[in-house]
Amino acid sequence: DTGVSQDPRHKITKRGQNVTFRCDPISEHNRLYWYRQTLGQGPEFLTYFQNEAQLEKSRLLSDRFSAERPKGSFSTLEIQRTEQGDSAMYLCAWDRVPGELFFGEGSRLTVL
Amino acid sequence: QKEVEQNSGPLSVPEGAIASLNCTYSDRGSQSFFWYRQYSGKSPELIMFIYSNGDKEDGRFTAQLNKASQYVSLLIRDSQPSDSATYLCVAPPSGSARQLTFGSGTQLTVLP
């Protein structure tokens with residue numbers, strides 16, 4: 001148990017569709033992160049929240065990606081107009097100190 | 001220059017041998033260093049962290065840090081087939097940024 005649950009675990013969609021992933025911290029964690037990981041690569045930072053405020057966002061994140069954390073509890077990551085290059089594992093995590101991340105099991109996206 | 005560079009893999013060692021995984025980092029201000037293990041199809045899990053120069057031991061794992069050389073390593077003694085995984089090194093940047101850059105990792109295979 002890493003302290004976060006993610007849903008869905010696996011999503012298959014057609015190119016051009018919108019998808020949304022959800023991350024639920026099991027207990028209150030102030031900081032919540034989204035990372036993306038493709039095969040053979042390490043996780044790539046997308047964005048992070050301190051409570052409900054989105055404090056950092058990767059410059060690589062296109063406008064098709066948006067994340068929210070209303071009320072500082074669960075978080076959602078939406079990808080609009082999906083492309084095949086969006087196929088990846090999307091990981092949610094929290095930390096205690098910088099670098100000490102605890103990842104959820106991830107949501108695997110396959111774009112056909 | 002990448003923030004973190006890991007020795008290229010894949011790395012294969014026989015069961016019972018010592019596996020040595022190496023990592024160099026570019027930010028001289030980095031104060032802490034983390035090692036993650038990632039099994040195939042799973043999310044990364046934190047296994048070791050080190051803040052001070054020298055060695056830190058935890059069971060069969062030893063993390064070594066040399067800040068002068070900007071070098072951190074992970075030694076796995078008495079390697080077991082269950083240690084077969086990808087190992088990722090992370091060095092959080094100095095300052096307040098929470099964005100972490102992971103390397104692509106080193107894939108370790110322990111041969112029975």
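Residues numbered from 1 in each chain as written. Chains lettered and ligands numbered in written order. Predicted model: local features only at pLDDT ≥ 70, side-chain atom pairs only at ≥ 80, totals over all residues. Heavy atoms only, no water.

1. Section: the nonpolar core
The biggest cluster of nonpolar side chains holds 23 residues, and the ones touching the most others in it are Trp35, Val72, Leu74, Ile76 and Tyr87 of chain B. Of all the secondary-structure elements, those providing two or more residues to this core are strand 3 (19-25), strand 4 (33-38), strand 5 (45-50), strand 7 (61-66), strand 8 (71-76), strand 9 (85-90) and strand 10 (106-111) of chain B. Sorting elements by how many residues they give to this core places strand 3 of chain B first, with four residues. Sequence-distant contacts of valine 72 of chain B, defined by excluding residues within four places in its chain, comprise Leu21, Asn22, Cys23, Phe33, Trp35, Ile50, Gln64, Leu65 and Cys89 of chain B. Core analysis: the second largest hydrophobic core is formed by 20 residues, Ile79, Ala88, Tyr90 and Cys92 of chain A among them. (Core = buried A, V, L, I, M, F, W, Y, C linked by side-chain atoms within 4.5 Å. Buried < 20%, exposed > 50% of the residue type's maximum accessible area, 1.4 Å probe, protein only. Helix = DSSP H or I, 4+ residues; strand = E, 2+ residues; numbered from the N terminus. Contact = heavy atoms within 4.5 Å.)

2. Focus on the sheet that holds strand 8 (residues 75-79) of chain A
Residue and element names in this part refer to chain A. If you trace the four strands from one edge of the open sheet to the other, you get 1-3-8-7, paired in antiparallel fashion. Strand pairing shows two members of the sheet lacking a second neighbour, strand 1 (4-7) and strand 7 (65-68), which therefore form its edges. Taken pair by pair, the neighbouring strands of this sheet meet at an average axis angle of 15°, ignoring direction. Two strands pair when backbone bridges link them, and strand 3 (residues 19-25) and strand 8 are joined in this way by five bridges, in the antiparallel orientation. Opposite valine 19, over in strand 8, you have isoleucine 79 as the bridge partner. (Pairing = 2+ DSSP bridges. Axes fitted to C-alpha atoms, helices over the stretch in contact; angles between N-to-C directions.)

3. With respect to the pairing of strand 7 of chain A
All names here are of chain A. Across the two faces of strand 7 the burial differs, with Phe65 and Ala67 buried and Ser66 and Glu68 not buried at all. For strand 7 and strand 8, the ladder comprises four bridges, and the chain directions are antiparallel. The partner of glutamate 68 across the bridge, within strand 8, is threonine 76. Where strand 7 hands over to strand 8, the hairpin turn is made up of six residues, of which lysine 71 adopts a positive phi near 65°.

4. A short note on the confidence of the model for chain A
Overall, the prediction assigns chain A a mean pLDDT of 92, with 100% of residues at 70 or greater. Strand 2 (residues 10-13) of chain A holds the highest mean pLDDT among the elements of chain A, 98, whereas strand 6 (residues 53-57) of chain A holds the lowest, 89. (pLDDT = per-residue confidence, 0-100.)

5. What to know about the interface of chain B and chain A
Taken together, the 19 residues of chain B in the interface contact 22 residues of chain A. Across the interface of chain B and chain A, roughly 1600 Å² is buried in total on both sides, 55% from carbon and sulfur atoms. Taken as a group, Arg98, Gln99 and Phe102 of chain B account for 37% of the area that chain B buries against chain A, more than any other trio of residues on that side. Across the contact surface, chain B and chain A share one salt bridge. The residue aspartate 95 of chain A makes a salt bridge to arginine 98 of chain B at a minimum N-O spacing of 3.1 Å. (Buried area = accessible area lost by both parts, 1.4 Å probe. Salt bridge = Lys/Arg side-chain N within 4 Å of Asp/Glu carboxyl O.)

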